[in-house]
Amino acid sequence: LGPIAMEAKDYAAALEYFEKAVKGLPKDPFVRHNIASTLIALDDYHAAVPHLRRALQARPGFVEAVAVLATCYNRMGRGTDALIFAKKSLEMDERNLNGRIAYAEALINLGRMEEAEIFIKATITKGIAIPYSYQNLSSTRKFKADAPELQAIKQELGASHYTMEQRSHLYFAAAKICNDA
């Protein structure tokens, strides 16, 4: 029932279901990950971290838990820790969506803009996390009105396969570039 509540965005109910599940399965890494994901949806990154760490104790190769832990550290302002875990997640799976987003965000949070731009452009070239990558890319520097990135974003917006959430990331990136010009 927890996943159904998550899908309905009833995070309080989802958390309740997952917390009941963890009582019966205290070492199950997936239940811990689900609790952490619910806490993240509630913007409680500090509370999510111990659940992700327990998930990794039970299953050290759980790449998604490593990547989400990096995301938590980014949101907590702990860029160095975020970079460590994002890098580890990419060593485990270089195409991991959350790991690539977390790595780019960590570089940005640490002020390593040139590195971030190179990494993000490589991510876009590989066709991974395109909407999120363009949003991160728009944070790396000031852009000019004729920026090729703006034309690429417009092309992506023409694609019909993106969700509304993904489109919002593309619109954000386009607005940021237009405001820079």
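Up top is the structure.
Overview of the structure.

1. Section: the overall build of the chain
- Per the secondary structure count, the chain includes 11 helices and 0 strands.
- Order of helices (α) and strands (β) in the chain, N terminus to C terminus: α-α-α-α-α-α-α-α-α-α-α.
- Expressed as a percentage of its 181 residues, the buried residues of the chain come to 49%.
- Each charge sign in the chain was given a centre, from 23 positive and 21 negative side chains, and these centres are 3 Å apart.

2. Let's talk about the packing of aromatic side chains
- This model, assessed by the stated rule, comprises 3 aromatic pairs.
- Consider the rings of Y73 and F85, whose centres lie 5.7 Å apart with planes at 40°: the pair is tilted. Here F85 lies in helix α6 (residues 79-92) and Y73 lies in helix α5 (residues 63-75), a separation of 12 residues in the sequence.
- The class of F85 is buried, set by a relative accessible area of 14%.

3. Points about the pattern of salt bridges
- Scanning all chains against the criterion turns up 11 salt bridges.
- The residue E149 makes a salt bridge to K121 at a minimum N-O spacing of 3.4 Å. One end of the pair, E149, is in helix α10 (residues 148-157); the other, K121, is in helix α8 (residues 113-125), and 28 residues separate them in sequence.
- For D180, the salt bridge goes to K142, with nearest N and O atoms at 3.9 Å. Within this pair, whereas D180 is found in helix α11 (residues 164-180), its partner K142 is found in the loop between α9 (130-137) and α10, the two being separated by 38 residues in sequence.
- Here the salt bridges do not stand alone but share partners, grouping E117, K121, R141 and E149 into one network.

4. Focus on the nonpolar core
- Counting residues in each nonpolar core, the largest one holds 55 residues, and the members touching the most others are Y134 and I153.
- Here this core takes 7 residues from α5, the largest share from any one element.
- The contacts of I153, once residues within four sequence positions are left out, are Y134, L170, A173, A174 and I177.

5. Observations regarding a nonpolar patch on the surface
- A contiguous nonpolar surface patch, about 340 Å² in accessible area, is contributed by L1, I4 and Y17.
- Inspection of the secondary structure puts Y17 in helix α2 (residues 11-24).
- Residue classification places Y17 among the partly exposed positions, given a relative accessible area of 34%.

6. Concerning the packing of α10 against α11
- Between α10 and α11, the shortest axis-to-axis distance is 10 Å and the interhelical angle comes to 155°. As summarised for this structure, α10 and α11 are arranged roughly antiparallel, according to the angle between their axes. Two packed elements cross with a definite hand, and for α10 against α11 that hand is left-handed. When α10 is examined against α11, the residues E149, L150, I153, E156 and L157 are found in contact with a partner set consisting of R167, L170, Y171, A173, A174, I177 and C178.

7. Quick word on the environment of L97
- With respect to the helices and strands, L97 occurs in helix α7 (residues 97-109).
- Judged by relative accessible area, L97 falls into the partly exposed class, the value being 38%.
- When the C-alpha atoms of L97 and I130 are compared, they prove to be 9.7 Å apart, with 33 residues separating the residues in sequence.
- Not counting residues up to four positions away in its chain, the partners in contact with L97 are I128, A129 and Y132.

Cut-offs used in this document
Starting afresh in each chain, residues are numbered from 1 along the sequence in its written order. pLDDT decides what is reported in this predicted model: residues at 70 or higher carry local features, side-chain atom pairs at 80 or more are listed and counted, and totals for whole chains, interfaces and linings draw on all residues regardless. Derived side-chain values reflect all non-hydrogen atoms in the structure, with water molecules and hydrogen atoms excluded from consideration. Helix and strand assignments come from DSSP, with helices taken as H or I runs of at least 4 residues and strands as E runs of at least 2, each series counted from the N terminus. For every residue, the accessible area (1.4 Å probe, protein chains only) is compared with the maximum for its type, and the residue is labelled buried under 20%, exposed over 50%, or partly exposed between those bounds. Neither His nor the chain ends contribute to the count of charged residues, in which Lys and Arg are positive and Asp and Glu negative. A single reference atom marks each charge: NZ on Lys, CZ on Arg, CG on Asp, CD on Glu. Stacked, tilted and edge-to-face pairs are distinguished by plane angle, under 30 degrees for stacked and over 60 for edge-to-face with tilted covering the rest, among Phe, Tyr and Trp rings (Trp via its six-membered ring) whose centres lie within 6.5 Å. Think of a salt bridge as a Lys or Arg side-chain nitrogen and an Asp or Glu carboxyl oxygen that are within 4 Å of each other. The criterion is simple. A nonpolar core is a set of buried Ala, Val, Leu, Ile, Met, Phe, Trp, Tyr and Cys residues joined through side-chain atoms within 4.5 Å. Throughout, a contact is declared for two residues whenever any of their heavy atoms are within 4.5 Å. Note that patches include only residues with greater than 30% relative accessible area and no salt bridge, and the join distances are 9 Å for like charges and 5 Å for nonpolar side chains (Val, Leu, Ile, Met, Phe, Trp, Tyr). Here the open area of atoms and residues is found with the Shrake-Rupley method and a 1.4 Å probe, where only the protein chains shown may cover a residue. Helix axes use the C-alpha atoms of the stretch in contact, all axes being lines fitted to C-alpha atoms, and the angles between their N-to-C directions lie in the range 0 to 180 degrees. By definition in this entry, angles of less than 35 degrees are roughly parallel, angles greater than 145 are roughly antiparallel, angles of 65 to 115 are roughly perpendicular, and the rest are oblique. For a crossing to be left-handed, the near helix must be turned anticlockwise from the far one by less than a right angle; the clockwise case is right-handed.

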